[in-house]
Amino acid sequence: MSDRLAVLPQYVLPKQALTSRAGKVANAQRGAKTTRLIAWFVRKYGVDMSEAADSDIAHYASFNDFFTRALKPGVRPLANAEFICPVDGSISQFGAIEQGQIFQAKGHRYSATALVGGDAALAAPFDDGHFATLYLSPKDYHRIHMPCDGRLVRMIHVPGALFSVNPTTARGVPGLFARNERVVCVFEGVFNGEPAPFVLVLVGATIVGSMATVWHGVVSPPRVAQAREWRYDGQDVRLGQGDEMGRFLLGSTVVVLLPKMNLQFNPAWTPGAAIRMGEAMAGAVLAGAA
């Protein structure tokens, strides 16, 4: 069966209703029933609880608490690289942004402007820049960390669809990551001694019950009809490389946008490969690539 045929049912599924229901179940505190749900999930997806700060599943009051669990200190050491990988998961795609277009899968590209919510001025610094699209599966650690130091400038909540973001859907739904609901986080960094923007886009998906950032809390829900924006010009919100910046409930995707510069991605990276937060992602010279 072709990927396009495989994803056809997603066009008619009640994705919003399924996602709302999943969020309610994930937030419910039901004692032994919650523990049994977590135990089933750990078995089904092979979750490695030995890395969790609290490995006892009975200690999690809700499924959401379990899913956004912290890791033990030191299990994700930070590589000596200009940009580190911000998540655990797998590589969907990465590379150059060519004439404002981002490669999604064979036969599919979408524009950086569409990804950030239609703001051409925001997307302009990423013309001929670089991107990395990173997929978090249900078994993965679901906190998102900073690839480099940055000062928060803007956050935009862009409403959209809630297609799955798994590899089959990425191959079968045109413009997937610019169609789904997403939270666009805009930072200012310093590269080659000059200030320049970079962006982390948190992409929602079917049954992703919430997306949150450390400075705002839960951004979605609520799910809204019009884009919402927050500006932080008068605030000094700074996060260091490796700091937590956000989290997902259930699997989803992060798209990293970097401006035009002389950049080399980790030579060990290839689409489909597993990745861990803290390993080397990119830099002018990769030191300690993992």
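All values derive from a computational prediction rather than experimental measurement. (Residues numbered from 1 in each chain as written. Predicted model: local features only at pLDDT ≥ 70, side-chain atom pairs only at ≥ 80, totals over all residues. Heavy atoms only, no water.)

## Some words on the overall build of the chain
What counts here: For the purposes of this entry, the term helix denotes a DSSP run of H or I that reaches at least four residues, the term strand denotes a run of E that reaches at least two, and both are numbered from the N terminus. Burial classes follow relative accessibility: with a 1.4 Å probe on protein chains only, a residue under 20% of its type's maximum area counts as buried, one over 50% as exposed, and anything between as partly exposed. What makes two residues a contact is simply this: any of their non-hydrogen atoms within 4.5 Å. In these tables, accessible area is a Shrake-Rupley quantity obtained with a 1.4 Å probe, and a residue counts as shielded only by the protein chains included in the view.
On a plain count of helices and strands, the chain comes out with 8 helices and 18 strands. Across the 290 residues in the chain, those meeting the buried criterion constitute 53%. By sequence separation, contacts in the chain at least 24 residues apart represent 74% of the contacts at least 6 residues apart. In the structure as shown, the chain presents an accessible area of about 12,500 Å², 53% of it carried by carbon and sulfur atoms.

## A few points about the sheet that holds strand 10 (residues 211–213)
Strands pair in a sheet through their backbones, by hydrogen bonds, and they do so in one of two ways: parallel or antiparallel. For clarity, the threshold we go by: For two strands to be treated as a pair, DSSP must find at least two bridges joining them. The axes are straight lines fitted to the C-alpha atoms, using for helices just the contacting stretch, and the angles between their N-to-C directions are given from 0 to 180°.
One open sheet accounts for 4 strands, arranged 6-14-10-11; its pairing is antiparallel. Two strands lie at the open edges of the sheet, namely strand 6 (143–145) and strand 11 (217–220), each paired on one side alone. Shown here is a sheet whose adjacent strand axes are inclined to one another by a mean of 30°, direction ignored. Where strand 6 and strand 14 (residues 244–248) come together, 3 bridges link them in antiparallel fashion. When the sheet's bridge partners are listed, arginine 143 is paired in strand 14 with arginine 247.

## Remarks on the sheet that holds strand 18 (residues 280–283)
What the 3 strands build is an open sheet, ordered 1-18-16; its pairing is antiparallel. In this open sheet, the two edge strands, each paired with only one partner strand, are strand 1 (83–84) and strand 16 (264–265).

## What about the pairing of strand 11?
Across 3 bridges, the pairing between strand 10 and strand 11 is antiparallel. Bridged to threonine 213 within strand 11 is glycine 217. Between the antiparallel neighbours strand 10 and strand 11 lie 3 residues.

## Concerning the nonpolar core
Selection criterion: Residues enter a nonpolar core if they are buried and are Ala, Val, Leu, Ile, Met, Phe, Trp, Tyr or Cys, with the set joined through side-chain atoms within 4.5 Å.
By size, the foremost hydrophobic cluster in this structure holds 38 residues, and its most contacted members are Phe83, Phe187, Trp215, Met245 and Trp269. Of all the elements in the fold, those that place two or more residues in this core are strand 5 (130–136), strand 7 (150–158), strand 8 (182–191), strand 9 (194–203), strand 14, strand 15 (252–258) and strand 18. With residues up to four places along the chain from it excluded, the contact list for tryptophan 269 reads Cys85, Ile91, Phe94, Ala132, Leu134, Ile275, Glu279, Ala280 and Met281. Judged by nonpolar contacts, the second largest core, of 29 residues, contains Ile156, Val184, Val201 and Leu257.

## Concerning the confidence of the model for the chain
This is how it is decided: Think of pLDDT as the predictor's per-residue confidence, scored from 0 to 100.
This prediction gives the chain a mean pLDDT of 87; 86% of its residues lie at or above 70. Note on residues 285–290: pLDDT under 50 across the span, and 18 contacts to partners over four residues away in sequence or across chains.

## Side note on helix 3 (residues 32–45)
Worth spelling out the cut-off: Any helix carries an expected span of 1.5 Å times its number of residues minus one. The directions from the helix axis to the C-beta atoms are what the arc is built from.
Here helix 3 is 14 residues long and its end C-alpha atoms lie 20 Å apart, about the 20 Å a rise of 1.5 Å per residue gives. Listed in full, the buried residues belonging to helix 3 are Thr34, Ile38, Ala39, Phe41 and Val42. Down the axis of helix 3, the sector holding all buried residues measures 165°, keeping them to one side. More than 90 degrees from the buried face of helix 3, the exposed residues found are Ala32, Arg36, Arg43 and Lys44. Against helix 4 (63–67) lie the buried residues of helix 3. Phi turns positive, to about 65°, at glycine 46, one or two residues after helix 3.

## Here's the deal with the environment of alanine 196
Mapped onto the elements of the fold, alanine 196 is located in strand 9. Linking alanine 196 and lysine 260, residues 64 residues apart in sequence, is a C-alpha distance of 9.4 Å. Once you skip the residues sitting within four places of it in the chain, alanine 196 turns out to touch Phe187, Glu188, Gly189, Phe191 and Pro259.

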